[in-house]
Amino acid sequence: MPDKVVDLRSDTVTLPTPEMRRAMAEAELGDDVFSEDPTVNLLEELAAERMGKEAAVLVTSGTQGNLVGVLSHTQRGDEVIVGHQAHVFHYEVAGCAVVGGVQFRTVRNVDGMLDLAELEAAIRPPNVHHPRTSLICIENTHNRDGGAVLDVAQTRSIAEVARRHGVSVHLDGARIFNAAVACGVPARALAADVDSVTFCLSKGLSAPVGSVLCGNEVYIETARKYRKMLGGGMRQAGIIAAAGVVALNTMVDRLAEDHENARVLAEGLAELPGIVLDPKKVRTDIVIFDVISPIGADGLVRALKAKGVLCNVAAPGRIRMVTHYGIVRSDVEWAIRCARDVLEGVTVGAR
Ligand code: TLP
(Lines give C-alpha, C1' and ligand atoms only; values in the text may rest on other atoms or scores of the structure.)
Protein backbone atom coordinates (compact mmCIF):
# COMPACT_ATOMS: atom_id res chain seq x y z
CA MET A 1 0.00 0.00 0.00
CA PRO A 2 1.42 3.46 -0.90
CA ASP A 3 2.34 5.89 1.92
CA LYS A 4 -0.53 8.23 1.18
CA VAL A 5 -3.93 6.69 1.88
CA VAL A 6 -7.18 8.40 0.96
CA ASP A 7 -9.87 6.46 2.79
CA LEU A 8 -13.25 7.00 1.14
CA ARG A 9 -14.85 3.77 2.42
CA SER A 10 -17.10 5.49 4.93
CA ASP A 11 -17.49 8.44 7.28
CA THR A 12 -17.33 5.80 10.03
CA VAL A 13 -13.52 5.82 9.69
CA THR A 14 -13.28 9.33 11.13
CA LEU A 15 -11.08 9.76 14.19
CA PRO A 16 -11.93 11.92 17.21
CA THR A 17 -10.77 15.55 17.17
CA PRO A 18 -8.13 16.75 19.69
CA GLU A 19 -10.93 18.54 21.56
CA MET A 20 -12.86 15.28 21.83
CA ARG A 21 -9.82 13.45 23.20
CA ARG A 22 -9.34 16.16 25.82
CA ALA A 23 -13.02 16.09 26.78
CA MET A 24 -12.90 12.29 27.09
CA ALA A 25 -9.88 12.45 29.38
CA GLU A 26 -11.49 15.04 31.62
CA ALA A 27 -15.11 13.80 31.57
CA GLU A 28 -17.01 13.66 34.83
CA LEU A 29 -18.28 10.09 35.23
CA GLY A 30 -20.78 7.96 37.10
CA ASP A 31 -22.76 4.75 36.62
CA ASP A 32 -25.08 5.36 33.68
CA VAL A 33 -27.22 2.29 34.40
CA PHE A 34 -28.25 4.24 37.55
CA SER A 35 -28.58 7.38 35.33
CA GLU A 36 -25.74 8.84 37.39
CA ASP A 37 -23.24 9.69 34.69
CA PRO A 38 -23.43 13.49 34.37
CA THR A 39 -21.73 13.53 30.98
CA VAL A 40 -24.14 10.97 29.52
CA ASN A 41 -27.04 12.93 31.03
CA LEU A 42 -25.71 16.11 29.41
CA LEU A 43 -25.37 14.43 26.02
CA GLU A 44 -28.88 12.99 26.23
CA GLU A 45 -30.34 16.39 27.12
CA LEU A 46 -28.47 18.04 24.29
CA ALA A 47 -29.52 15.34 21.82
CA ALA A 48 -33.19 15.58 22.82
CA GLU A 49 -33.04 19.34 22.42
CA ARG A 50 -31.40 19.10 18.97
CA MET A 51 -34.07 16.64 17.81
CA GLY A 52 -36.95 18.54 19.43
CA LYS A 53 -37.95 15.48 21.49
CA GLU A 54 -38.70 15.07 25.21
CA ALA A 55 -35.97 12.55 25.98
CA ALA A 56 -33.02 10.62 24.62
CA VAL A 57 -30.91 7.55 25.37
CA LEU A 58 -27.30 6.90 24.39
CA VAL A 59 -26.85 3.60 22.55
CA THR A 60 -23.76 1.79 21.34
CA SER A 61 -24.26 2.12 17.59
CA GLY A 62 -26.65 3.04 14.80
CA THR A 63 -27.63 -0.60 14.54
CA GLN A 64 -28.49 -0.74 18.24
CA GLY A 65 -30.38 2.56 17.90
CA ASN A 66 -32.60 1.14 15.18
CA LEU A 67 -33.08 -2.19 16.96
CA VAL A 68 -33.97 -0.60 20.31
CA GLY A 69 -36.00 2.00 18.40
CA VAL A 70 -38.08 -0.61 16.56
CA LEU A 71 -38.48 -2.89 19.61
CA SER A 72 -39.81 0.03 21.64
CA HIS A 73 -42.59 0.65 19.09
CA THR A 74 -43.63 -2.93 18.35
CA GLN A 75 -44.79 -6.27 19.68
CA ARG A 76 -43.84 -9.73 18.41
CA GLY A 77 -45.78 -10.58 15.26
CA ASP A 78 -46.13 -6.96 14.14
CA GLU A 79 -45.25 -5.77 10.67
CA VAL A 80 -42.91 -2.84 10.00
CA ILE A 81 -42.89 -1.06 6.64
CA VAL A 82 -39.46 -0.07 5.31
CA GLY A 83 -38.08 1.18 2.01
CA HIS A 84 -36.62 -1.57 -0.19
CA GLN A 85 -33.20 0.09 0.03
CA ALA A 86 -33.31 0.78 3.79
CA HIS A 87 -30.18 0.24 5.87
CA VAL A 88 -32.26 -1.48 8.56
CA PHE A 89 -33.44 -3.96 5.90
CA HIS A 90 -30.07 -4.64 4.23
CA TYR A 91 -27.34 -4.24 6.80
CA GLU A 92 -28.63 -4.86 10.31
CA VAL A 93 -28.45 -8.65 10.32
CA ALA A 94 -32.25 -9.06 10.53
CA GLY A 95 -32.00 -8.06 14.20
CA CYS A 96 -35.57 -6.82 14.33
CA ALA A 97 -36.82 -10.20 13.12
CA VAL A 98 -34.46 -12.24 15.31
CA VAL A 99 -34.78 -10.27 18.54
CA GLY A 100 -38.09 -8.48 18.07
CA GLY A 101 -40.06 -11.12 16.17
CA VAL A 102 -41.29 -8.46 13.74
CA GLN A 103 -41.70 -8.87 10.01
CA PHE A 104 -40.47 -6.28 7.51
CA ARG A 105 -42.54 -5.37 4.49
CA THR A 106 -40.79 -3.31 1.82
CA VAL A 107 -42.18 -0.57 -0.36
CA ARG A 108 -40.25 1.09 -3.18
CA ASN A 109 -38.00 3.93 -2.25
CA VAL A 110 -36.53 6.31 -4.81
CA ASP A 111 -34.02 9.01 -3.84
CA GLY A 112 -34.73 8.19 -0.20
CA MET A 113 -38.49 8.77 -0.54
CA LEU A 114 -41.18 6.13 -0.13
CA ASP A 115 -43.90 5.88 -2.74
CA LEU A 116 -46.88 7.28 -0.82
CA ALA A 117 -49.58 5.32 -2.67
CA GLU A 118 -47.66 2.09 -2.21
CA LEU A 119 -47.05 2.97 1.43
CA GLU A 120 -50.73 3.56 2.13
CA ALA A 121 -51.69 0.35 0.34
CA ALA A 122 -49.14 -1.61 2.39
CA ILE A 123 -50.73 -0.65 5.73
CA ARG A 124 -52.88 -3.63 6.63
CA PRO A 125 -56.48 -3.24 7.74
CA PRO A 126 -57.33 -5.08 10.97
CA ASN A 127 -58.06 -8.69 10.12
CA VAL A 128 -57.60 -11.92 12.06
CA HIS A 129 -55.24 -13.22 9.36
CA HIS A 130 -52.92 -10.19 9.19
CA PRO A 131 -49.98 -9.04 11.23
CA ARG A 132 -50.61 -5.62 12.76
CA THR A 133 -48.84 -2.79 10.90
CA SER A 134 -47.40 -0.82 13.79
CA LEU A 135 -44.46 1.11 12.37
CA ILE A 136 -42.99 2.77 9.29
CA CYS A 137 -39.20 3.26 9.19
CA ILE A 138 -37.65 5.96 7.06
CA GLU A 139 -34.00 6.99 6.55
CA ASN A 140 -32.51 10.49 6.19
CA THR A 141 -29.99 10.88 4.62
CA HIS A 142 -30.45 7.69 2.66
CA ASN A 143 -27.34 5.55 2.49
CA ARG A 144 -28.06 3.21 -0.45
CA ASP A 145 -29.79 6.02 -2.35
CA GLY A 146 -26.50 7.93 -2.49
CA GLY A 147 -26.95 10.18 0.54
CA ALA A 148 -30.32 11.43 -0.75
CA VAL A 149 -32.11 13.91 1.47
CA LEU A 150 -35.74 13.95 2.60
CA ASP A 151 -36.97 17.49 3.20
CA VAL A 152 -39.48 18.59 5.83
CA ALA A 153 -42.46 18.31 3.46
CA GLN A 154 -41.54 14.79 2.32
CA THR A 155 -41.12 13.60 5.91
CA ARG A 156 -44.44 15.19 6.82
CA SER A 157 -46.24 13.53 3.91
CA ILE A 158 -45.09 10.09 5.13
CA ALA A 159 -46.06 10.91 8.73
CA GLU A 160 -49.52 12.03 7.58
CA VAL A 161 -50.16 8.65 5.96
CA ALA A 162 -48.94 6.94 9.14
CA ARG A 163 -51.12 9.09 11.41
CA ARG A 164 -54.24 8.45 9.33
CA HIS A 165 -53.79 4.76 10.16
CA GLY A 166 -52.57 5.05 13.76
CA VAL A 167 -49.09 3.83 12.78
CA SER A 168 -45.87 5.25 14.31
CA VAL A 169 -42.84 6.51 12.37
CA HIS A 170 -39.20 5.83 13.27
CA LEU A 171 -36.49 7.80 11.51
CA ASP A 172 -33.07 6.25 10.97
CA GLY A 173 -31.29 9.58 11.06
CA ALA A 174 -27.78 8.12 11.21
CA ARG A 175 -26.80 11.13 9.06
CA ILE A 176 -29.65 13.51 9.91
CA PHE A 177 -27.21 16.38 10.45
CA ASN A 178 -25.96 15.95 6.88
CA ALA A 179 -29.58 16.20 5.77
CA ALA A 180 -30.14 19.28 7.92
CA VAL A 181 -27.06 21.04 6.55
CA ALA A 182 -28.06 20.15 2.97
CA CYS A 183 -31.61 21.49 3.51
CA GLY A 184 -30.46 24.53 5.49
CA VAL A 185 -32.82 23.73 8.37
CA PRO A 186 -32.20 22.64 11.99
CA ALA A 187 -32.23 18.86 12.44
CA ARG A 188 -35.28 19.15 14.69
CA ALA A 189 -37.33 20.35 11.71
CA LEU A 190 -36.59 17.06 9.95
CA ALA A 191 -37.52 15.08 13.05
CA ALA A 192 -40.62 17.10 13.97
CA ASP A 193 -43.14 14.77 12.33
CA VAL A 194 -41.69 11.43 13.41
CA ASP A 195 -42.23 9.63 16.71
CA SER A 196 -38.62 8.57 17.20
CA VAL A 197 -35.27 9.33 15.64
CA THR A 198 -31.83 7.84 16.05
CA PHE A 199 -28.66 9.60 14.91
CA CYS A 200 -24.99 8.61 14.89
CA LEU A 201 -22.17 10.43 16.65
CA SER A 202 -19.51 8.30 15.00
CA LYS A 203 -20.08 9.03 11.32
CA GLY A 204 -19.62 12.53 9.88
CA LEU A 205 -19.61 14.01 13.39
CA SER A 206 -16.36 12.09 14.05
CA ALA A 207 -16.93 10.89 17.61
CA PRO A 208 -15.40 7.46 18.21
CA VAL A 209 -18.50 5.56 19.41
CA GLY A 210 -22.21 5.94 19.91
CA SER A 211 -25.62 6.93 18.65
CA VAL A 212 -28.58 8.54 20.39
CA LEU A 213 -32.24 7.49 20.20
CA CYS A 214 -34.77 10.27 20.87
CA GLY A 215 -38.53 10.31 21.45
CA ASN A 216 -41.10 11.05 24.14
CA GLU A 217 -40.42 10.21 27.79
CA VAL A 218 -42.52 7.03 27.96
CA TYR A 219 -40.94 5.72 24.76
CA ILE A 220 -37.39 6.40 25.98
CA GLU A 221 -38.15 4.68 29.30
CA THR A 222 -39.12 1.58 27.31
CA ALA A 223 -36.01 2.00 25.15
CA ARG A 224 -33.78 2.01 28.26
CA LYS A 225 -35.07 -1.45 29.16
CA TYR A 226 -34.44 -2.83 25.67
CA ARG A 227 -30.98 -1.24 25.61
CA LYS A 228 -30.18 -3.01 28.91
CA MET A 229 -31.56 -6.30 27.54
CA LEU A 230 -29.27 -6.01 24.52
CA GLY A 231 -26.21 -5.39 26.67
CA GLY A 232 -26.08 -1.67 26.01
CA GLY A 233 -26.00 -0.52 29.65
CA MET A 234 -22.47 0.86 29.56
CA ARG A 235 -21.72 2.17 33.10
CA GLN A 236 -19.13 5.01 32.91
CA ALA A 237 -20.17 5.80 29.37
CA GLY A 238 -19.41 9.48 29.93
CA ILE A 239 -16.02 8.70 28.35
CA ILE A 240 -17.92 8.17 25.10
CA ALA A 241 -20.58 10.80 25.70
CA ALA A 242 -17.94 13.50 26.25
CA ALA A 243 -16.84 13.14 22.63
CA GLY A 244 -20.50 13.17 21.58
CA VAL A 245 -21.08 16.51 23.30
CA VAL A 246 -18.10 17.99 21.43
CA ALA A 247 -19.43 16.43 18.21
CA LEU A 248 -22.83 18.12 18.60
CA ASN A 249 -21.28 21.45 19.58
CA THR A 250 -18.48 21.68 17.01
CA MET A 251 -18.87 19.25 14.13
CA VAL A 252 -22.28 19.90 12.58
CA ASP A 253 -21.73 23.04 10.50
CA ARG A 254 -18.49 21.75 8.99
CA LEU A 255 -20.41 18.92 7.28
CA ALA A 256 -20.94 21.45 4.47
CA GLU A 257 -17.24 20.99 3.66
CA ASP A 258 -17.75 17.24 3.22
CA HIS A 259 -20.71 17.90 0.95
CA GLU A 260 -18.66 20.30 -1.16
CA ASN A 261 -15.84 17.76 -1.43
CA ALA A 262 -18.36 15.07 -2.42
CA ARG A 263 -19.71 17.38 -5.14
CA VAL A 264 -16.23 18.00 -6.53
CA LEU A 265 -15.51 14.26 -6.39
CA ALA A 266 -18.77 13.45 -8.20
CA GLU A 267 -18.17 16.06 -10.91
CA GLY A 268 -14.64 14.76 -11.48
CA LEU A 269 -15.67 11.11 -11.59
CA ALA A 270 -18.66 11.77 -13.86
CA GLU A 271 -16.27 12.88 -16.63
CA LEU A 272 -14.29 9.64 -16.63
CA PRO A 273 -14.83 6.87 -19.18
CA GLY A 274 -16.77 3.89 -17.86
CA ILE A 275 -18.43 5.72 -14.95
CA VAL A 276 -22.14 6.50 -14.85
CA LEU A 277 -22.94 9.18 -12.30
CA ASP A 278 -25.27 12.18 -12.13
CA PRO A 279 -23.41 14.72 -9.96
CA LYS A 280 -26.61 16.75 -9.49
CA LYS A 281 -27.92 13.93 -7.28
CA VAL A 282 -24.98 14.23 -4.89
CA ARG A 283 -26.16 16.52 -2.11
CA THR A 284 -24.37 15.21 0.96
CA ASP A 285 -21.20 13.19 1.71
CA ILE A 286 -22.03 9.98 -0.19
CA VAL A 287 -21.12 9.42 -3.85
CA ILE A 288 -22.45 6.26 -5.49
CA PHE A 289 -21.77 5.43 -9.14
CA ASP A 290 -22.10 2.57 -11.62
CA VAL A 291 -19.06 1.17 -13.38
CA ILE A 292 -19.59 0.13 -17.00
CA SER A 293 -15.88 0.00 -17.80
CA PRO A 294 -14.62 -3.51 -18.64
CA ILE A 295 -12.50 -3.37 -15.47
CA GLY A 296 -15.71 -3.74 -13.44
CA ALA A 297 -16.48 -2.32 -9.99
CA ASP A 298 -14.41 -4.95 -8.16
CA GLY A 299 -11.47 -4.38 -10.50
CA LEU A 300 -11.64 -0.62 -10.07
CA VAL A 301 -11.78 -0.92 -6.26
CA ARG A 302 -8.70 -3.19 -6.37
CA ALA A 303 -6.78 -0.91 -8.76
CA LEU A 304 -7.56 2.16 -6.65
CA LYS A 305 -6.50 0.34 -3.49
CA ALA A 306 -3.11 -0.36 -5.07
CA LYS A 307 -2.78 3.42 -5.48
CA GLY A 308 -3.85 4.08 -1.87
CA VAL A 309 -7.43 5.15 -2.60
CA LEU A 310 -9.88 3.07 -0.58
CA CYS A 311 -13.56 2.62 -1.44
CA ASN A 312 -16.10 -0.20 -1.47
CA VAL A 313 -18.43 -1.99 -3.85
CA ALA A 314 -21.94 -1.03 -2.66
CA ALA A 315 -23.83 -3.43 -4.94
CA PRO A 316 -22.87 -5.42 -8.05
CA GLY A 317 -21.33 -2.96 -10.55
CA ARG A 318 -21.68 -0.08 -8.11
CA ILE A 319 -19.09 1.76 -5.99
CA ARG A 320 -19.57 4.02 -2.97
CA MET A 321 -17.19 6.75 -1.86
CA VAL A 322 -17.79 8.90 1.22
CA THR A 323 -16.12 12.19 2.16
CA HIS A 324 -15.56 13.16 5.79
CA TYR A 325 -13.52 15.05 8.38
CA GLY A 326 -10.37 13.11 7.40
CA ILE A 327 -10.62 14.10 3.72
CA VAL A 328 -9.49 17.42 2.26
CA ARG A 329 -9.87 18.84 -1.25
CA SER A 330 -6.45 17.63 -2.43
CA ASP A 331 -7.41 14.05 -1.37
CA VAL A 332 -10.50 14.23 -3.55
CA GLU A 333 -8.46 15.57 -6.47
CA TRP A 334 -5.96 12.75 -5.96
CA ALA A 335 -8.75 10.15 -5.95
CA ILE A 336 -10.12 11.52 -9.24
CA ARG A 337 -6.64 11.46 -10.78
CA CYS A 338 -6.06 7.86 -9.69
CA ALA A 339 -9.46 6.82 -11.09
CA ARG A 340 -8.62 8.59 -14.37
CA ASP A 341 -5.26 6.81 -14.62
CA VAL A 342 -6.92 3.44 -14.05
CA LEU A 343 -9.93 3.96 -16.32
CA GLU A 344 -8.06 5.59 -19.21
CA GLY A 345 -5.57 2.74 -19.11
CA VAL A 346 -8.27 0.10 -19.47
CA THR A 347 -8.55 -1.50 -22.88
CA VAL A 348 -11.76 -3.16 -23.97
CA GLY A 349 -11.78 -6.83 -23.04
CA ALA A 350 -9.31 -6.32 -20.17
CA ARG A 351 -10.36 -7.41 -16.71
N1 TLP B 1 -23.71 2.35 7.75
C2 TLP B 1 -22.38 1.88 7.46
C3 TLP B 1 -22.41 0.44 6.95
O4 TLP B 1 -23.20 -0.35 7.76
C5 TLP B 1 -22.90 0.30 5.54
C6 TLP B 1 -21.72 2.82 6.48
O7 TLP B 1 -20.49 2.68 6.30
O8 TLP B 1 -22.40 3.68 5.91
N9 TLP B 1 -28.22 3.58 9.52
C10 TLP B 1 -27.57 4.04 8.44
C11 TLP B 1 -28.29 4.87 7.45
C12 TLP B 1 -26.21 3.73 8.26
O13 TLP B 1 -25.58 4.17 7.18
C14 TLP B 1 -25.55 2.95 9.24
C15 TLP B 1 -24.10 2.56 9.06
C16 TLP B 1 -26.29 2.49 10.34
C17 TLP B 1 -27.63 2.83 10.45
C18 TLP B 1 -25.66 1.62 11.41
O19 TLP B 1 -24.73 2.30 12.15
P20 TLP B 1 -23.58 1.52 12.96
O21 TLP B 1 -22.54 1.15 11.96
O22 TLP B 1 -23.14 2.51 13.97
O23 TLP B 1 -24.21 0.32 13.58
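Right above here is the structure, for reference.
Residues numbered from 1 in each chain as written. Predicted model: local features only at pLDDT ≥ 70, side-chain atom pairs only at ≥ 80, totals over all residues. Heavy atoms only, no water.

**Focus: the overall build of the protein**
Now for step 1: Scanning the protein from N- to C-terminus turns up 14 helices and 15 strands.
Now for step 2: Taken over C-alpha atoms, the radius of gyration comes to 21 Å for the protein, in line with the 20 Å a tight globule of 351 residues would show.
Now for step 3: For the protein, the spread of C-alpha atoms along the three principal axes comes to 60 × 55 × 35 Å.
Now for step 4: Restricting to contacts in the protein with at least 6 residues of sequence separation, those with at least 24 account for 74%.
Now for step 5: For the protein, the computed accessible surface area is about 14,900 Å², with 52% contributed by carbon and sulfur atoms.
Now for step 6: Taking the 37 positively charged and 44 negatively charged side chains of the protein as two groups, their mean positions are separated by 4 Å. (Helix = DSSP H or I, 4+ residues; strand = E, 2+ residues; numbered from the N terminus. Rg over C-alpha atoms; globule rule 2.2 N^0.38 Å. Contact = heavy atoms within 4.5 Å. Areas by Shrake-Rupley, 256 points an atom, 1.4 Å probe, with all protein chains shown as cover. Lys, Arg positive; Asp, Glu negative; His and termini not counted. Charge placed at Lys NZ, Arg CZ, Asp CG, Glu CD.)

**Some thoughts on the sheet that holds strand β12 (residues 286-291)**
Now for step 1: With antiparallel pairing, the four strands of this open sheet are ordered in space as β11-β12-β15-β14. Each edge of the open sheet carries a strand with a single partner, namely β11 (275-276) and β14 (312-315).
Now for step 2: In this sheet, strand β15 (residues 318-322) lies alongside β14 in antiparallel orientation, the contact comprising three bridges. Counted as the bridge partner of Val313 is Ile319 from β15. (Pairing = 2+ DSSP bridges.)

**Here's the deal with the site of the ligand**
Now for step 1: Close contacts around the ligand come from 14 residues, with Ser10, Thr63, Asn143, Asp172 and Arg175 the closest.
Now for step 2: Between the ligand and Asn143, the relevant distance is 2.8 Å, taken from an oxygen atom to a side-chain nitrogen or oxygen of the residue.
Now for step 3: In this structure, an oxygen atom belonging to the ligand sits 2.8 Å away from a side-chain N or O atom of Arg175.
Now for step 4: In isolation the ligand has 510 Å² of accessible area, and contact with the protein removes 81% of it.
Now for step 5: Judged by its atoms lying within 2 Å of the grid points, the ligand is housed in the second largest pocket. (Near = heavy atom within 4 Å. Polar contact = N/O pair within 3.5 Å; in protein donor to acceptor, adjacent residues only side chain to side chain. 1 Å grid on protein atoms, 1.4 Å probe; cavity = no way out; pocket = protein on both sides within 12 Å on 5 of 7 lines; lining within 4 Å. Sits in = over half its atoms within 2 Å of the grid points.)

**Let's talk about the nonpolar core**
Now for step 1: Within the largest apolar cluster, 54 residues are counted, with the highest numbers of intra-cluster contacts made by Ile136, Phe177 and Phe199.
Now for step 2: Excluding residues that lie within four positions of it along the chain, Ile136 makes contacts with Ile81, Leu114, Leu119, Ile123, Ile158, Ala162, Val167, Ser168, Val169 and His170.
Now for step 3: Among the nonpolar cores identified, the runner-up in size contains 31 residues, and Leu8, Leu272, Leu300 and Ile336 belong to it. (Core = buried A, V, L, I, M, F, W, Y, C linked by side-chain atoms within 4.5 Å. Buried < 20%, exposed > 50% of the residue type's maximum accessible area, 1.4 Å probe, protein only.)

**Here's the deal with the packing of aromatic side chains**
Now for step 1: With the rule as written, the count across this model stands at one aromatic pair.
Now for step 2: For the pair Phe177 and Phe199, a centre-to-centre distance of 5.3 Å together with 85° between the ring planes defines the contact as edge-to-face. Linking Phe177 in helix α8 (residues 176-183) with Phe199 in strand β9 (residues 196-200), this pair joins segments that are 22 residues apart in sequence. Comparing Phe177 with Phe199 shows no difference in burial state: the two are buried. (Phe/Tyr/Trp six-rings, centres within 6.5 Å; stacked < 30°, edge-to-face > 60°.)

**Here we look at the sheet that holds strand β7 (residues 133-139)**
Now for step 1: Pairing in this open sheet of seven strands is mixed, and the strands run β2-β10-β9-β8-β7-β3-β4 from one edge to the other. Looking at which strands have only one partner, the edges of the open sheet turn out to be β2 (55-59) and β4 (103-107). Taking the axes of each pair of neighbouring strands and ignoring which way they run, one obtains an average angle of 20° across the sheet.
Now for step 2: Where β9 meets strand β10 (residues 211-215), four bridges bridge the pair, whose relative direction is antiparallel. Looking at the pairing, Val197 lines up with Cys214 of β10.
Now for step 3: Strands in contact with helix α7 (residues 152-164) are β7 and β8 (168-172); relative to β7, the strand with the most contacts, it is inclined by about 175°. (Axes fitted to C-alpha atoms, helices over the stretch in contact; angles between N-to-C directions.)

**Remarks on helix α12 (residues 255-270)**
Now for step 1: The terminal C-alpha atoms of α12 lie 22 Å apart, and with 16 residues this matches the ideal 22 Å at 1.5 Å per residue to within 8%.
Now for step 2: Lining the buried residues of α12 we find α8, β11, β12, β15 and α14 (329-344). (Expected span 1.5 Å × (residues − 1).)

**Observations concerning the state of the cysteines**
Now for step 1: On inspection of all chains with the given rule, the structure shows zero disulfides.
Now for step 2: Take Cys96: it sits in no disulfide, and the sulfur closest to it among the cysteines is that of Cys137, at 6.8 Å. (Disulfide = S-S within 2.5 Å.)

**Topic: helix α10 (residues 217-229)**
Now for step 1: Over its 13 residues, α10 extends 19 Å from the first C-alpha to the last, a length consistent with the 18 Å expected when each residue adds 1.5 Å.
Now for step 2: What α10 keeps buried is the set Tyr219, Ile220, Ala223 and Arg227. Viewed end-on, α10 has its buried residues packed into an arc of 90°, placing them on one side of the element. Looking at α10, the residues exposed on the side facing more than 90 degrees away from the buried face are Val218, Glu221, Lys225 and Met229.
Now for step 3: One side-chain oxygen of the residue at the start of α10 lies 3.2 Å from the amide nitrogen of Val218, identifying that residue as Asn216.
Now for step 4: In the stretch just after α10, Gly231 is the one whose phi turns positive, near 85°. (Arc of directions from axis to C-beta.)

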